[in-house]
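Descriptive structure summary
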Amino acid sequence: MKLRNLFFSLIPLLMMSIMASCSSNDNPPADTNNEWISIWDGETLNNWRASENPDSFEVVDGKIVVDGPRGHLFYEGPVADADFVNFEFRADVYTYPEANSGVFFHTQYQEEGWPQYGYEAQVNATHSDPRKTGSLYAVNDVMDDAPHEDHEWFHYYIKVDGKDITFKVDGETVMEYTEPEDREGTIKLSSGTIALQAHDPDSRIYFRNIEVRILD
């Protein structure tokens, strides 16, 4: 009788152990290597901070709408403590005619002005600036002809691995650059966060499905 009672008393403990194991498998740690991790919740701007003109950024129908005077939206969430070194980035982007924007990486928050740290992955199909989408801005540029059209979603991919930087648009490599060891200044690889750019009041851009994969 005592053994039977002991057996039944252990059943709840066994069930709790099994449930905990299943829960752990369903929810791996956020920074697991080789896992794509969303850094935007699709509904709010939680974990992001806008500089200079916060009204240039809003969420509408599952996308970040960038439309207004100059400002930058910096990721400040928990993934990698918003301090990326080697990583992959991907997002869907949509441009309107004459729009200019960018994705900064290895950057840091600043109250105003163009980011002084890190690189910019240019977003521009038909703006007057000849540096088009896929440019490592003012360092290794895609000139004059953009690899996508306005009024269409395109897939933007950025990879930083050591000193190597790769950009792809819709799966096609459009820019490769290896940073020299002696590069000086603050526009260079180090570590830092990601930021989306509002360039000017005439530039309207959408972003959605923003994810990273940590390579460290």
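None of these values were measured; they are calculated from a predicted model.

The next subject is the pairing of strand 12 (residues 193-198). In terms of burial, strand 12 is largely enclosed, as six of its six residues are buried. The pairing of strand 5 (residues 71-75) with strand 12 spans four bridges and is classified as antiparallel. Bridge assignment links Gly-71 to a residue of strand 12, and that residue is Ala-198. Across four bridges, the pairing between strand 7 (residues 101-107) and strand 12 is antiparallel. Paired with Phe-105 across the two strands is Ile-194, which belongs to strand 12.

Moving on to the sheet that holds strand 5. In space, the five strands of this open sheet follow the order 2-5-12-7-8, with antiparallel pairing throughout. Of all strands in the sheet, those with a lone pairing partner are strand 2 (48-50) and strand 8 (119-123), marking the two edges. Between one strand axis and the next, the sheet turns by 20° as a mean value, whatever way the strands run. Examined bridge by bridge, strand 7 and strand 8 share five bridges and lie antiparallel to one another. Across the sheet, Ser-101 pairs through a bridge with Val-123, a residue of strand 8.

A few words now on the pattern of salt bridges. Side chains carrying opposite charge are able to pair once their charged atoms draw close together. Scanning the entire structure with this criterion turns up eight salt bridges. Taking the shortest distance from any N to any O, the salt bridge between Glu-88 and Arg-213 comes out at 2.7 Å. Linking Glu-88 in strand 6 (residues 87-95) with Arg-213 in strand 13 (residues 204-214), this pair joins segments that are 125 residues apart in sequence. Arg-213 gets classed as partly exposed once you look at its relative accessible area, which sits at 21%. When the shortest N-O distance is used, the salt bridge between Arg-90 and Glu-211 registers 2.7 Å.

The next thing to look at is the confidence of the model for the protein chain. For the protein chain, per-residue confidence averages 89 on the pLDDT scale, and 85% of positions sit at 70 or higher. Below a pLDDT of 50 lies the segment residues 1-32, which in the model reaches five contacts outside its immediate sequence neighbourhood of four places, other chains included.

A few words now on the nonpolar core. One finds Phe-105 and Ile-165 to be the most contacted residues of the largest nonpolar core, which totals 42 residues. For this core, the element with the most residues is strand 13, which contributes five residues. Leaving out residues up to four positions away in the same chain, Phe-105 has contacts with Phe-87, Gly-118, Tyr-119, Ala-121, Leu-136, Ile-158, Val-160, Ile-165, Phe-167, Leu-189, Thr-193 and Ile-194.

Our focus in this paragraph is the environment of Val-174. For Val-174, the position within the fold is in strand 11 (residues 172-178). Between the C-alpha atom of Val-174 and that of Val-142, which follows or precedes it by 32 residues, the distance is 7.6 Å. Beyond its immediate chain neighbours, meaning those up to four positions away, Val-174 contacts Gly-134, Val-142, Pro-147, Phe-167, Lys-168 and Val-169.

Before going further, it helps to examine the pairing of strand 9 (residues 153-161). Here eight bridges tie strand 6 to strand 9, and the two strands are oriented antiparallel to one another. Residue pairing in the sheet places Tyr-94 in a bridge with Trp-153 of strand 9. The pairing of strand 9 with strand 10 (residues 164-169) spans six bridges and is antiparallel. Paired with Asp-161 across the two strands is Asp-164, which belongs to strand 10. Hairpin connection of strand 9 to strand 10: two residues between the antiparallel strands, including Gly-162 at a positive phi of 65°.

About the thresholds
Residues numbered from 1 in each chain as written. Predicted model: local features only at pLDDT ≥ 70, side-chain atom pairs only at ≥ 80, totals over all residues. Heavy atoms only, no water. Buried < 20%, exposed > 50% of the residue type's maximum accessible area, 1.4 Å probe, protein only. Helix = DSSP H or I, 4+ residues; strand = E, 2+ residues; numbered from the N terminus. Pairing = 2+ DSSP bridges. Axes fitted to C-alpha atoms, helices over the stretch in contact; angles between N-to-C directions. Salt bridge = Lys/Arg side-chain N within 4 Å of Asp/Glu carboxyl O. pLDDT = per-residue confidence, 0-100. Contact = heavy atoms within 4.5 Å. Core = buried A, V, L, I, M, F, W, Y, C linked by side-chain atoms within 4.5 Å.

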